[in-house]
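Observations on chain architecture
One letter stands for each residue in the lines below.
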Amino acid sequence: MRYLVTARVKAGRREALAQAIDDGTLGEGSIAGDEYFRNMAEARQLDDGRVQWVEVCYCPTPLAEEREYWEEFFDLTKVQDAHARTRCRDLNGTEPWACGECDCSARLEARLAARGVRFAGWLPPAKR
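One structure accompanies this document, and this report is about it. As the structure is a prediction and not an experimental result, all values here were calculated from the model. Every chain is numbered on its own, with residues counted from 1 as its sequence reads. Local features are withheld for residues below a pLDDT of 70 in this predicted model, meaning they are given only at 70 or higher, and side-chain atom pairs are given and counted only at 80 or more; totals for whole chains, interfaces and linings count all residues. Hydrogen atoms and water are omitted, and side-chain values are computed over all heavy atoms in the structure.

The backbone of L63 shows a phi angle near 60°, a positive value even though the residue is not glycine. Numbering of helices and strands starts at the N terminus; helices are DSSP runs of H or I of at least 4 residues and strands are runs of E of at least 2. Examined against the element boundaries, L63 turns out to sit in the loop between strand 3 (51-56) and helix 3 (67-70).

Written out as structure tokens, the structure reads:
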């Protein structure tokens, strides 16, 4: 399933998030692998400071695996379906793991890409 995630970076965690992205430790230990880096590369920061991204998640509960990793850096304010669950081929069982290559949320992702600014551009350079 794909979810539209809306969050705010926790106070004092922006630099740590940048460091985790730069050194490749964001989501370390999670079975979601590189999904965290794809999310941050595509995330948008809105004018009010919220950050939004579309996340692919195969958990029966939204972000069941990813939540602890995101909550290290973000206050998750809203996690909602990115499209109708009835159309999700993975969720309805017609094509397991379909979300990885599906374009079901392409319109949402295109609309999101036109909002705010690229979030990664707002992250401070990590200390090396």
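Take a side-chain nitrogen of Lys or Arg and a carboxyl oxygen of Asp or Glu: if they are within 4 Å of each other, that pair is a salt bridge. Across all of its chains, the model carries five salt bridges by this definition. Ionic pairing is found between R2 and E109, a salt bridge with its closest N-O pair at 3.2 Å. Of the two residues, R2 is situated in strand 1 (residues 2-9) and E109 in helix 4 (residues 106-113); the sequence distance between them amounts to 107 residues. The buried label applies to any residue whose accessible area, calculated with a 1.4 Å probe on protein chains only, is under 20% of its type's maximum; exposed applies above 50%, and partly exposed to all values in between. Judged by relative accessible area, E109 falls into the partly exposed class, the value being 26%.

Turning our attention to the environment of D47. Within the element layout of this structure, D47 appears in the loop between strand 2 (44-45) and strand 3. D47 sits 59 residues away from A106 along the chain, and the two C-alpha atoms are 23 Å apart.

Worth remembering: the numbers are spatial, not functional.
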